[in-house]
Amino acid sequence: MDKKASKIHGRGGVFNLNYHLVWTPKRRSAVLKGLIADDLKQIFEDKARELGVKIQAMEVMPDHVHVFIGGLPKLSPHKIVKSLKGASSTIL
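So, here's what we can say about the structure. The shown structure was predicted, so the numbers you read here are calculated from the model rather than taken from an experiment.

We now examine unusual backbone geometry. One non-glycine residue, R27, lies in positive phi territory at about 60°. Here R27 lies in the loop between β3 (17–23) and α2 (34–51). Judged by its relative accessible area of 70%, R27 is exposed. Positive phi values are uncommon outside glycine, yet R28 reaches one of about 50°. Residue position: R28 is located in the loop between β3 and α2.

Structure, rendered in structure tokens:
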């Protein structure tokens with residue numbers, strides 16, 4: 001991967017913020033399978049586009065989710081997680 005491609009030039013400087021986020025469904029139930037996993041991936045991609053962040057890698061396992069996401073300095077990790085989890089729990 002080209003290091004220049006991963007840096008974002010903003011008004012106040014150059015930054016490269018990436019977060020590895022992991023979470024589980026309630027009681028770590030194995031419910032993220034089949035069409036639910038496909039829908040979840042689509043919901044995350046749509047919400048990330050809306051937030052202006054880029055999902056660089058995503059893995060949906062039956063009992064947990066891994067998302068490697070590049071964020072903006074104005075968005076804290078908890079706001080990104082809150083948006084992704086809130087949208088997915090409402091729609092699913």
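From this point, the narrative continues.
Turning our eyes to something else, we now look at the pattern of salt bridges. Under the defined criterion, the tally for this structure stands at three salt bridges. Here R28 makes a salt bridge to D63, at a shortest N to O gap of 3.1 Å. Of this pair, R28 sits in the loop between β3 and α2 while D63 sits in the loop between β4 (54–60) and β5 (65–71), and the two are 35 residues apart along the sequence.

Our focus in this paragraph is the packing of α2 against helix α3 (residues 77–91). Between α2 and α3, the least distance of the axes is 9 Å, while the angle of their chain directions is 135°. Between α2 and α3, the interaxial angle falls into the category oblique. Judged by the sense of rotation from one axis to the other, the crossing of α2 with α3 is right-handed. Contacts between α2 and α3 pair L40, I43, F44, K47, A48 and L51 from the former with S83, L84, A87, S88 and I91 from the latter. In terms of residue class, the contact of α2 with α3 is built from eight nonpolar, two polar and one charged.

Turning our attention to the side chain of K47. Summarising the element assignment, K47 is placed in helix α2. Ignoring sequence-local partners within four residues, the contact set of K47 consists of S83, L84 and A87.

Going through the model one piece at a time under the given rule, you end up with one aromatic pair. On the numbers, 5.7 Å between centres and 65° between planes, the contact of W23 with F44 is edge-to-face. Taken together, the residues span a long stretch of sequence, with W23 in strand β3 and F44 in helix α2 at a distance of 21 residues. Neither W23 nor F44 differs from the other in exposure class; each is buried.

Scoring rules and cut-offs
- Residues numbered from 1 in each chain as written.
- Predicted model: local features only at pLDDT ≥ 70, side-chain atom pairs only at ≥ 80, totals over all residues.
- Heavy atoms only, no water.
- Helix = DSSP H or I, 4+ residues; strand = E, 2+ residues; numbered from the N terminus.
- Buried < 20%, exposed > 50% of the residue type's maximum accessible area, 1.4 Å probe, protein only.
- Salt bridge = Lys/Arg side-chain N within 4 Å of Asp/Glu carboxyl O.
- Axes fitted to C-alpha atoms, helices over the stretch in contact; angles between N-to-C directions.
- Parallel < 35°, antiparallel > 145°, perpendicular 65-115°, else oblique.
- Left-handed = near helix turned anticlockwise from the far one by under 90°.
- Contact = heavy atoms within 4.5 Å.
- Nonpolar A, V, L, I, M, F, W, Y, C, P; charged D, E, K, R; others polar.
- Phe/Tyr/Trp six-rings, centres within 6.5 Å; stacked < 30°, edge-to-face > 60°.

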